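For reference, the chains in residue letters:
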There are 2 protein chains.
Amino acid sequence: MNGILKGMRVVEGSAFVAVPLAGMTLAQMGAEVIRFDRIEGGLDAGRWPLAPSGNSLFWAGLNKGKKSIAVNMKSPEGQELVTRIITAPGEDAGLFLTNLRVRGWMDYETLSQYRKDLVMVTLMGDRHGNPQVDYTVNPALGIPQMTGPEGLKAPVASALPAWDLIAGNLIVSSLLAAERHRLRKGQGQDVELTLKDVAAATIGHLGLIGDAAVNREERGKCGNSLYGAYGQDFICADGRRVMVIGLTARQWRGLVEMTGTAEEIAALESKTGLDLRDEGNRWKLRHAITGLLGEWFAMRRVEDFAEDFNAKGLTWSVFRTVKEALAEDPDLTDDNPMFSTMTQPGLGTFPVPGSPVTFSATERQPPVPAPALGAHTEEILGDVARLDDTEIAQLFDKGIVQSPGFVARPAA
Amino acid sequence: MNGILKGMRVVEGSAFVAVPLAGMTLAQMGAEVIRFDRIEGGLDAGRWPLAPSGNSLFWAGLNKGKKSIAVNMKSPEGQELVTRIITAPGEDAGLFLTNLRVRGWMDYETLSQYRKDLVMVTLMGDRHGNPQVDYTVNPALGIPQMTGPEGLKAPVASALPAWDLIAGNLIVSSLLAAERHRLRKGQGQDVELTLKDVAAATIGHLGLIGDAAVNREERGKCGNSLYGAYGQDFICADGRRVMVIGLTARQWRGLVEMTGTAEEIAALESKTGLDLRDEGNRWKLRHAITGLLGEWFAMRRVEDFAEDFNAKGLTWSVFRTVKEALAEDPDLTDDNPMFSTMTQPGLGTFPVPGSPVTFSATERQPPVPAPALGAHTEEILGDVARLDDTEIAQLFDKGIVQSPGFVARPAA
């Protein structure tokens with residue numbers, strides 16, 4: 001691997017989405033990332049979706065390109081071993097990511113005794129020490145109440161663990177920022193963030209807190225409309241559904257022009273006295289606009305306008321399920337340099353993504369499958385923990401580490 | 001400002017969510033971030049939500065702590081000026097973020113002629129050069145088809161621009177990774193990513209592409225259930241709705257114990273022959289489990305069990321609107337060190353978030369409000385572009401730059 005972070009070594013003690021995604025993002029940028037787990041596999045070893053074999057597609061997806069070691073951390077020897085791995089020497093090592101809340105042997109105070117310039121990034125649930133997951137943070141901060149069809153009272157949960165994904169990426173930034181500081185000042189540090197704070201800060205950044213504080217109306221659900229300007233889904237003559245956007249002035253003019261509705265739009269402006277070049281007026285009149293555009297889409301198949309829309313530079317897309325996208329969209333195939341179709345033992349054959357980022361200074365790194373649990377145990381014990389063959393043999397004999405090839409399974 | 005990135009200077013030419021968020025994230029970590037805009041303000045200058053004054057809460061939220069300069073970029077002098085700012089000398093400068101697709105004077109090939117070690121990160125819509133926004137990428141990749149109540153056929157759009165938020169954070173990581181490379185090798189580079197690739201990679205990482213490829217069933221909507229294990233919303237006796245999680249074995253045991261449903265759960269296991277210690281079986285039997293737990297919640301107010309749930313370490317939350325959260329949740333007040341309640345001219349008084357990341361090596365940086373458009377024009381012309389007073393006066397006279405205090409308004 002010759003990625004942009006080549007030479008960096010990161011150790012990860014994690015489960016689920018955010019921290020595994022952070023480690024994998026670093027691995028796909030060329031860092032050596034070592035994930036340690038319990039002998040029986042992490043809490044996420046059996047997370048759905050599963051392949052027909054019962055192996056976790058989720059785990060395989062979020063741990064690509066890492067090295068794996070499985071350790072009995074209930075034993076003092078196991079704790080000592082993990083400590084050695086986290087604090088192993090190396091100018092570009094001593095970087096540790098975790099969302100496991102282990103006080104004592106695995107906290108920053110203890111670990112930094114073994115390596116003063118350790119950078120440790122810890123993700124927690126909330127600032128009170130309560131556990132939180134994406135599924136609890138999201139309702140607590142109001143997103144499900146803004147999601148779903150207009151008029152529906154019930155909250156609608158998000159299908160995507162957005163806060164986890166955002167937090168995972170922020171963990172990467174935080175690690176790189178702290179490592180940059182260490183390169184300059186020689187100083188390690190304890191870096192902390194919570195999933196709930198990530199979500200709370202983000203809704204603040206988007207103006208939702210300000211909106212709730214200074215505006216009288218509660219921001220409600222708006223179905224599939226683009227909030228605050230114009231954007232809407234339409235069903236076409238072939239039964240397919242499209243999303244079209246009129247957020248910027250250019251997008252809006254293009255949409256009106258391509259649908260030949262300039263006269264009707266002008267009449268709507270006259271009737272209401274609202275200038276639809278103003279995005280807020282488009283939002284206020286969105287239902288009327290949708291009424292004017294609906295017939296145009298209802299009379300056309302997607303193929304009737306797709307080329308023209310693209311030539312005009314309109315911002316639009318077709319609705320697809322993931323399966324349909326996989327079957328139809330070249331962006332999810334090897335036609336896209338980000339993907340490599342590969343056969344993975346116990347999982348199947350499908351397109352696997354590398355990093356979405358292209359760095360001109362290095363070659364694109366093809367994706368590397370996730371390891372079997374414990375697959376790199378011997379290598380890590382020798383090269384990182386710097387144990388000799390006798391010590392390694394003893395750790396295996398005592399069951400402190402597990403032979404490679406043990407398959408990750410859900411913990412009972 | 002003494003943040004972890006103190007001394008770094010980043011220039012941003014942007015609009016909307018992803019790149020502004022990236023710049024702001026860097027600013028909240030202590031970097032000097034200069035956003036340049038058109039004289040009339042960027043495409044996002046009037047993005048909703050708005051304050052009663054008509055000023056954009058969205059813009060203010062995503063541009064906190066930046067310096068602002070407004071430039072007429074249609075003029076050769078304006079283009080030269082922006083080029084000077086982007087490529088200005090400084091060991092920790094020459095870092096440029098953009099999602100504006102300007103070929104010619106503002107592309108990497110041209111800009112890097114003025115500063116060989118320039119690091120430029122560009123976010124595009126998709127790899128074909130088509131424009132894409134969160135609202136089009138999301139339906140194209142299947143998320144709305146997985147969102148919403150079980151049985152509903154229509155797709156449900158996301159209320160949160162998750163892909164933009166993820167891309168914004170990945171832009172920060174990419175910039176830091178490329179700058180790290182430059183520190184070591186002296187080499188700048190052109191870094192590119194597309195919003196659609198960010199989304200496509202992420203659904204791959206989460207196992208959704210593998211799921212679609214190897215499993216026969218289309219993953220459908222599952223309402224407010226936690227996919228693949230157990231988690232559900234319940235309405236309590238006080239009319240409030242809670243989300244409770246049984247994802248890990250520990251969470252599940254705790255939930256059964258606290259609700260006193262061990263016998264009923266055991267009976268369900270006997271009847272079905274499915275061991276509910278297996279998360280997949282919890283998913284398969286989620287409706288039956290919800291039936292068993294529902295009455296318990298229906299008979300209790302949130303206050304009847306909240307303390308016990310927290311003491312037991314259960315993972316759960318109350319559903320709130322953003323307004324309710326702002327009124328009730330101390331995590332959205334100055335009780336949380338991340339927030340500072342401030343009065344911002346033209347916006348109002350409300351809690352404003354700083355960075356969710358705490359770096360032990362530096363003091364927490366309080367949030368800094370967004371600038372008025374062009375507020376730092378003179379400072380940037382002098383300190384960054386290194387122009388003398390005569391040159392600066394000429395730029396103002398010719399209208400190449402705008403006097404500070406000009407208020408950001410929607411572009412017609």
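Residues numbered from 1 in each chain as written. Chains lettered and ligands numbered in written order. Predicted model: local features only at pLDDT ≥ 70, side-chain atom pairs only at ≥ 80, totals over all residues. Heavy atoms only, no water.

Going by an unreviewed UniProt entry, chain A carries the name Dehydratase and comes from Roseovarius indicus.

Asker: Teacher, can you tell me more about the sheet that holds strand β9 (residues 316–318) of chain A here?
Answerer: Sheet strands pair via backbone hydrogen bonds, and the direction of the pair is either parallel or antiparallel. Residue and element names in this part refer to chain A. Overall, antiparallel pairing links the 3 strands, which are arranged β7-β8-β9 in an open sheet. Taken across any chain shown, the strands that pair with only one partner, and hence form the sheet edges, are β7 (230–235) and β9. Taken pair by pair, the neighbouring strands of this sheet meet at an average axis angle of 15 degrees, ignoring direction. Summarising the sheet, β7 and strand β8 (residues 241–246) pair through 6 bridges and their orientation is antiparallel. (Pairing = 2+ DSSP bridges. Helix = DSSP H or I, 4+ residues; strand = E, 2+ residues; numbered from the N terminus. Axes fitted to C-alpha atoms, helices over the stretch in contact; angles between N-to-C directions.)

Asker: Sorry, what's going on with the nonpolar core here?
Answerer: Nonpolar side chains in soluble globular proteins tend to be buried together. Formed by 120 residues in total, the largest nonpolar core has its most connected members in A:Leu26 and B:Leu26. In this structure A:Leu26 touches A:Leu5, A:Val10, A:Ala31, A:Val33, A:Leu97, A:Val172, A:Leu175 and A:Leu176, once residues within four positions along its chain are discounted. (Core = buried A, V, L, I, M, F, W, Y, C linked by side-chain atoms within 4.5 Å. Buried < 20%, exposed > 50% of the residue type's maximum accessible area, 1.4 Å probe, protein only. Contact = heavy atoms within 4.5 Å.)

Asker: How should the domain arrangement of chain A be read in this particular structure?
Answerer: One widely used convention gives an interface's size as the accessible area the parts lose upon coming together. Taken domain by domain, chain A holds domain 1 (9–203 + 342–402) and domain 2 (231–319). Look at where the C-alpha atoms of domain 1 of chain A and domain 2 of chain A centre, and you get two points 44 Å apart. (Domains from an automatic or database assignment.)

Asker: Can you help me understand the pattern of salt bridges in this one?
Answerer: If the charged atoms of two oppositely charged side chains come close together, the side chains can form a pair. Under the criterion given, the structure shown has 52 salt bridges over all chains. Notably, a salt bridge pairs A:Glu379 with A:Lys67, separated by 2.6 Å at the nearest N-O pair. Taken as a pair, A:Glu379 in helix α16 (residues 377–384) and A:Lys67 in strand β3 (residues 67–71) lie far apart in primary sequence, 312 residues in all. For A:Asp92, the salt bridge is made with B:Arg184, and the minimal N-O distance between the two is 2.9 Å. Highlighted residues: A:Asp92 in the loop between α3 (76–86) and β4 (95–98) and B:Arg184 in helix α7 (residues 162–185), drawn from two different chains. Taken together, the shared-partner salt bridges in this structure form one network comprising A:Arg127, A:Lys196, B:Arg240, B:Arg320, B:Glu328, B:Asp329, B:Asp331 and B:Asp335. (Salt bridge = Lys/Arg side-chain N within 4 Å of Asp/Glu carboxyl O.)

Asker: How do you make sense of the interface of chain B and chain A when you look at a structure like this?
Answerer: The partner chain A presents 154 residues to the 154 residues of chain B that form the contact. Between chain B and chain A, the buried area comes to about 12,700 Å², and carbon and sulfur atoms account for 64% of it. As a salt-bridge pair, B:Glu179 and A:Arg184 come within 3.8 Å of each other at their nearest N and O atoms. Viewed at the interface, chain A and chain B are joined by 53 residue pairs in polar contact (both at pLDDT 80 or more). Residue composition of the side of chain B that touches chain A, by class: 86 nonpolar, 42 polar and 26 charged. As paired strands, strand β12 (residues 358–359) of chain A and strand β6 (residues 189–194) of chain B are joined by 2 bridges and run antiparallel to one another. Considered in β6(B), the bridge of A:Thr358 is made with B:Glu192. (Buried area = accessible area lost by both parts, 1.4 Å probe. Polar contact = N/O pair within 3.5 Å; in protein donor to acceptor, adjacent residues only side chain to side chain. Nonpolar A, V, L, I, M, F, W, Y, C, P; charged D, E, K, R; others polar.)

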